[in-house]
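Structural characterization, general
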Amino acid sequence: MRKTTKISRYDSITRPFKRWSAWLRGFRVSADSSPLSPYRNDIDFGVTVDNGAAMKLSAFFAGIRLISENIASLPKSVKTVDQYGSSTSDRKHAANRVLHHPNDYTNAVTFWMTIVSHMKGWGNAYAIIKRASNGMPESLHQVHPSCVAVKMSGGRKWYKVTIADPDFKFLEGTYSDENMLHFMELSLDGITGVNTVIYNAIALGKSLAQEKFAGEFYRKGGNIKAVLETDGNLGDDAYNTFLKHFQASANFDTPLLEYGIKYKQLSVNPVAAQLVQSETMSIQDIARILNVPPHMIAELSHATFSNIEHQTIQFVQYSLRPVVRKIEVELENKLLFDSERDNVSIKFSLDDLL
């Protein structure tokens, strides 16, 4: 049986899938979620560094949520400019409908939160464009980056979607660039974005290792309140006898210390102090990676009223605006016809945040 794949809204040609089998093997997955990283041979922190592990870091999770929720909540519109230069919202435009109702199983806020989360966490976000017979967009379907592989052929990008969930098998297939929204973070080749976690594996690996160490430290009792010192070397019998007497009286009575043993109180635990400092440094690392002000993910060590106000403005200008512009450009390129682009634009308004 021959399987056909729709090439684009401009092509009515279908080709047998088997003729493409060798070609499709050239696809590369653009968002690596495996524990491998470019730095895996340099530093081994004893932890797996991948997207799943990074999302379990509270600061990383909070940063992704902060950006995605803010962008998802922005007013979105399709603007039309008339011959006099006056701009008005076109609510009846097909692009406007899919912006506010992307598909039947995802509302608009959740859809854009998902897209921005993939974009910031995996470096790439994808949404399949389903079109009507006239080429106008009818729906948008978000796809996890791990399900998409990208290939260049004939000067064009192609996307192969493979989904294990049987409920979403209807999305599987090979899509041309015109029928796939592809939002990228930093890219080194203009084809795919680099995976945020993999390219920051050292910093995030350190944070994960620190979290693991802290968990073990607190599981074993945390802060050491005191130590028992002796200049001599107790034999096994003397040690066991002393330990038995000490434990029996330590909680309620004043213990009698034998064998020249001294009780030494510890006022500050240097290990615990280093843990607090390490946690602060980890949050600052993650703030740099995600390009968010540290105080917005609860790191307030250097925060004052005046600089928080200024950093909040910078968050909109330097953190959200570049992401929003990348989204707007991709939407205009894929959801509008060539004939519309001179007088129609898609905008996410940042005015309310400013």
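Now for a description of the structure that goes with this document. Just so we're clear, the structure is a prediction, and the values are computed from it rather than from any experiment.

What follows deals with helix α5 (residues 108-122). With 15 residues, α5 should reach 21 Å at 1.5 Å per residue; the first-to-last C-alpha distance of 21 Å fits that figure. For α5, a buried count of 11 out of 15 residues is recorded, marking the element as mostly surrounded by other parts of the structure. Three or more residues of α5 are buried, namely Ala-108, Phe-111, Trp-112, Ile-115, Val-116, Ser-117, His-118, Met-119, Lys-120, Gly-121 and Trp-122. Put simply, Asn-107 is the residue that caps the front of α5, since its side-chain oxygen is 3.2 Å from the backbone nitrogen of Val-109. Looking one or two residues beyond α5, the residue adopting positive phi is Gly-123, at roughly 85 degrees.

A few words on the packing of helix α3 (residues 58-72) against α5. At a minimum axis separation of 8 Å, α3 and α5 run at an interaxial angle of 135 degrees. The angle between the axes of α3 and α5 places the two elements in the oblique class. Relative to α5, the crossing made by α3 is right-handed. On α5, the residues that touch Phe-60, Ile-64, Ile-67, Ser-68, Glu-69, Ile-71 and Ala-72 of α3 are Val-109, Trp-112, Met-113, Val-116, Ser-117, Lys-120 and Gly-121. Split into classes, the residues belonging to the contact of α3 with α5 amount to 9 nonpolar, 3 polar and 2 charged.

What follows concerns the nonpolar core. If you look at the biggest cluster of nonpolar residues, it comprises 53 residues, and the most contacted ones within it are Trp-112, Ile-327 and Leu-331. In this view, Leu-331 contacts Leu-99, Trp-112, Leu-181, Phe-183, Leu-336, Ile-346 and Phe-348; residues no more than four positions away in its chain are not counted.

Our focus in this paragraph is the sheet that holds strand β3 (residues 87-89). Sheet architecture is open: 3 strands sit in the order β3-β2-β12, paired in antiparallel fashion. In this open sheet, the two strands that pair with only one neighbour each are β3 and β12 (344-348). When the angles between neighbouring strand axes are averaged without regard to direction, this sheet yields 35 degrees. Here 5 bridges tie strand β2 (residues 76-81) to β12, and the two strands are oriented antiparallel to one another. Following the sheet pairing, Thr-80 is matched in β12 by Val-344.

The rules behind the values
- Residues numbered from 1 in each chain as written.
- Predicted model: local features only at pLDDT ≥ 70, side-chain atom pairs only at ≥ 80, totals over all residues.
- Heavy atoms only, no water.
- Helix = DSSP H or I, 4+ residues; strand = E, 2+ residues; numbered from the N terminus.
- Expected span 1.5 Å × (residues − 1).
- Buried < 20%, exposed > 50% of the residue type's maximum accessible area, 1.4 Å probe, protein only.
- Polar contact = N/O pair within 3.5 Å; in protein donor to acceptor, adjacent residues only side chain to side chain.
- Axes fitted to C-alpha atoms, helices over the stretch in contact; angles between N-to-C directions.
- Parallel < 35°, antiparallel > 145°, perpendicular 65-115°, else oblique.
- Left-handed = near helix turned anticlockwise from the far one by under 90°.
- Contact = heavy atoms within 4.5 Å.
- Nonpolar A, V, L, I, M, F, W, Y, C, P; charged D, E, K, R; others polar.
- Core = buried A, V, L, I, M, F, W, Y, C linked by side-chain atoms within 4.5 Å.
- Pairing = 2+ DSSP bridges.

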